[in-house]
Amino acid sequence: MGAVLAPAVARADPMPAERVRYDGHRVVRAWPADAAELAEVLAVADDVWTERVGPGPVDVRLSPQSLAALDATGIDYDVRISDVQLAVDAEHDRLAVPEGTAQAPGAWFSDFKDGPEIDQFMDALAAEFPDRVTVENVGSSLDGRLIRGVRISGAPAEGKAALILTGTLHAREWLSPMTVTCIADTLAREYGSDPQITDALDALEIFVVPVVNPDGYAYTWSGDRYWRKNTRGGHGVDLNRNFSFQWGGGGSSGDVSAEDYRGNGPLSEPESQALNAYFQTKPNAVAHIDFHSFSELILYPWGYQYGAAPDEADLSELAQDMSSAIQATHGAYYDPIQGSDLYPADGVIDDWAYAEFGMMSFTIELRGSDFVVPASQILPSCEENLEATLVLAAHAMQFSDPTPSADGGVGEDEGSGDGGPGADGGGTLGGDESGDGGDGGGGDSSGDAGFSDDADETGALGEDGQALPAAYGRGAQPETCACRGGTSAPPLPALLCLFALVSRRRR
Ligand code: 0X9
Ligand code: ZN
């Protein structure tokens with residue numbers, strides 16, 4: 001995280017077996033008087049913990065040597081965390097329970113879980129609710145771990161729109177996989193009893209991928225609690241700079257040791273390739289949230305530039321509605337802002353999902369003031385972000401036209417994605433700059449009735465004059481028919497817009 005990401009320690013490949021320690025590292029809030037002093041603080045920082053760096057205070061992690069360097073500048077600071085390792089140790093000791101230790105029923109979300117445990121949880125959820133939950137293979141990571149997700153949907157029907165939730169692009173953001181898994185659990189468990197959830201799942205397919213970066217996540221458990229990227233070359237690639245829309249600008253780094261290293265090409269990483277292939281199997285998906293931590297923010301495109309996205313009004317309104325729903329739950333305020341207003345970042349997942357797949361896509365930065373958070377934060381985070389998810393689900397439902405399906409079954413094959421309104425793994429999507437097709441093993445599937453997008457279908461121009469992909473704004477308010485180029489298109493009645501969407505189904 002952080003507006004200016006400090007260099008990560010470059011490592012030899014493979015990842016080292018010994019644990020990385022942060023003994024004596026402090027998090028301090030520095031008070032630079034001007035931009036020059038801010039630059040001095042950032043130059044000595046080992047990691048920047050403030051989301052929004054600008055005028056005012058900035059939180060940074062400093063080794064004892066870096067602290068001495070900060071002292072030498074004479075810039076004021078307060079100590080926020082006096083020894084980062086203490087929190088890491090406390091978390092580690094708490095989680096090191098002997099295998100087989102009995103856990104109270106329903107207590108799964110009372111503490112953090114590693115990748116294999118989350119995998120088992122998804123299997124158990126599908127076994128408990130076979131009528132509404134199916135496990136899907138999304139693909140494979142660099143180190144060969146499976147990236148898995150669940151499809152959750154109620155009454156079998158054709159013509160459902162879809163919502164996708166993803167988590168853990170960044171390995172150290174442990175509240176993300178827990179929140180996302182807990183939302184999946186609540187949706188599945190409360191279908192049939194909670195009217196809002198029941199309506200959402202009867203109208204939609206909801207796809208949930210809790211851990212997109214399983215190698216990095218595993219390494220945060222075994223080696224370095226503050227590891228952010230995947231494990232490429234021992235230095236890692238920031239997966240949230242590796243997506244194939246506006247890859248490689250000033251909002252990412254070409255330095256392998258940087259925390260925001262973008263990789264050597266768009267979609268160069270198996271994890272982003274897997275997500276790309278997986279999203280291609282969900283042409284009915286109209287909305288998406290990617291969960292990160294921390295800072296309590298709801299970010300919407302664009303992240304790569306300050307200019308407004310064509311559907312800015314709708315994106316902003318949805319972000320505000322999600323923020324209100326979150327605030328009404330436990331009082332936490334998640335600031336709804338355009339991503340670039342936090343800091344410009346390119347190759348990010350929300351810009352990509354919006355521009356290339358036409359989803360109304362958001363990045364939510366969860367609660368907390370550290371990547372290490374008390375386990376007591378898991379349930380409130382889940383509860384408030386379930387409400388945000390239901391706001392976006394209500395929006396997505398406008399694009400749904402479910403009719404009971406003949407076979408009466410939900411998708412059963414892993415990776416098949418067969419439960420929806422036809423998922424076609426083939427075809428091209430707009431704006432793919434990568435030239436290196438996904439090898440992530442995302443499910444390919446049959447059926448052809450999904451909402452489609454095709455780069456050739458629109459002549460819309462972006463802020464910078466570049467052609468925009470056809471998928472653009474597919475999830476915008478149907479009243480404005482943003483499915484054809486966002487707010488610049490003349491308003492049309494919702495039905496006409498729906499017709500336009502359906503008529504664009506994949507061949
Ligand atoms: O830098 C990131 O990737 C995200 N912050 S984090 O602390 N979780 O690393 C923010 C992504 C910003 N997204 C956009 N600007 N769209
Ligand atoms: Zn993140």
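Everything below is about the structure printed above this text.
This text gives an overview of the structure that appears in the document. (Residues numbered from 1 in each chain as written. Chains lettered and ligands numbered in written order. Predicted model: local features only at pLDDT ≥ 70, side-chain atom pairs only at ≥ 80, totals over all residues. Heavy atoms only, no water.)

A separate point is the sheet that holds strand 6 (residues 146-153). The strand order 5-6-9-8-10-13-11-12 describes an open sheet built from eight strands, whose pairing is mixed. Taken across any chain shown, the strands that pair with only one partner, and hence form the sheet edges, are strand 5 (133-140) and strand 12 (335-338). Put simply, the sheet's adjacent strands are angled 20° from each other on average, direction ignored. Note: strand 10 (residues 285-293) against strand 13 (residues 360-366), seven bridges, orientation parallel. In the strand pairing of strand 13, I289 is matched with F362. (Pairing = 2+ DSSP bridges. Helix = DSSP H or I, 4+ residues; strand = E, 2+ residues; numbered from the N terminus. Axes fitted to C-alpha atoms, helices over the stretch in contact; angles between N-to-C directions.)

Let's shift gears to the packing of aromatic side chains. To describe a pair of aromatic rings, you give the distance between the ring centres and the angle between the ring planes. Scanning the model with the defined rule gives 23 aromatic pairs in all. Summarising the aromatic geometry, the rings of W49 and Y226 are spaced 5.7 Å apart at their centres and angled 35° between planes, so their arrangement reads as tilted. Of this pair, W49 sits in the loop between strand 2 (47-48) and strand 3 (58-62) while Y226 sits in the loop between helix 7 (214-222) and helix 8 (270-280), placing them 177 residues apart in sequence. You can call W49 buried: its relative accessible area is 3%. Measuring from centroid to centroid gives 6.1 Å for Y226 and F371, while their planes differ by 70°, and the two rings are edge-to-face. Within this pair, whereas Y226 is found in the loop between helix 7 and helix 8, its partner F371 is found in the loop between strand 13 and helix 12 (378-397), the two being separated by 145 residues in sequence. Accessibility assignment for this pair places Y226 and F371 in one class, buried. Cluster of aromatic residues (ring-pair linked, three or more members): Y22, W49, Y226, F294 and F371. The ring of W108 is capped by K113, whose NZ or CZ atom sits 5.1 Å from the centre of that ring. (Phe/Tyr/Trp six-rings, centres within 6.5 Å; stacked < 30°, edge-to-face > 60°. Buried < 20%, exposed > 50% of the residue type's maximum accessible area, 1.4 Å probe, protein only. Lys NZ or Arg CZ within 6 Å of the ring centre and 35° of its normal.)

Time to look at the side chain of N385. Along the chain, N385 falls in helix 12. Here N385 falls in the buried class, since its relative accessible area comes to 0%. The contact partners of N385, leaving out residues within four places of it in the chain, are T179, I183, F291, I326, Y334, I364 and L366. (Contact = heavy atoms within 4.5 Å.)

This part takes up the nonpolar core. In this structure, F112, I152, L187, F279, W352 and F362 are the most contacted members of the largest nonpolar core, which totals 93 residues. With residues up to four places along the chain from it excluded, the contact list for L187 reads I152, I197, L201, I206, L386 and L390. Among the nonpolar cores identified, the runner-up in size contains 14 residues, and V28, A30, V41 and A45 belong to it. (Core = buried A, V, L, I, M, F, W, Y, C linked by side-chain atoms within 4.5 Å.)

This part takes up the sheet that holds strand 2. With respect to topology, four strands assemble into an open sheet ordered 2-3-1-4, the strand pairing being antiparallel. The open sheet terminates on both sides in strands that have one partner only, identified here as strand 2 and strand 4 (77-81). Relative to strand 3, strand 2 runs antiparallel, the two sharing two bridges. By the bridge assignment for strand 3, V48 is matched with V60. Along the sheet face, helix 2 (residues 64-73) touches strand 1 (26-30), strand 3 and strand 4 and points at about 135° away from the line of strand 3.

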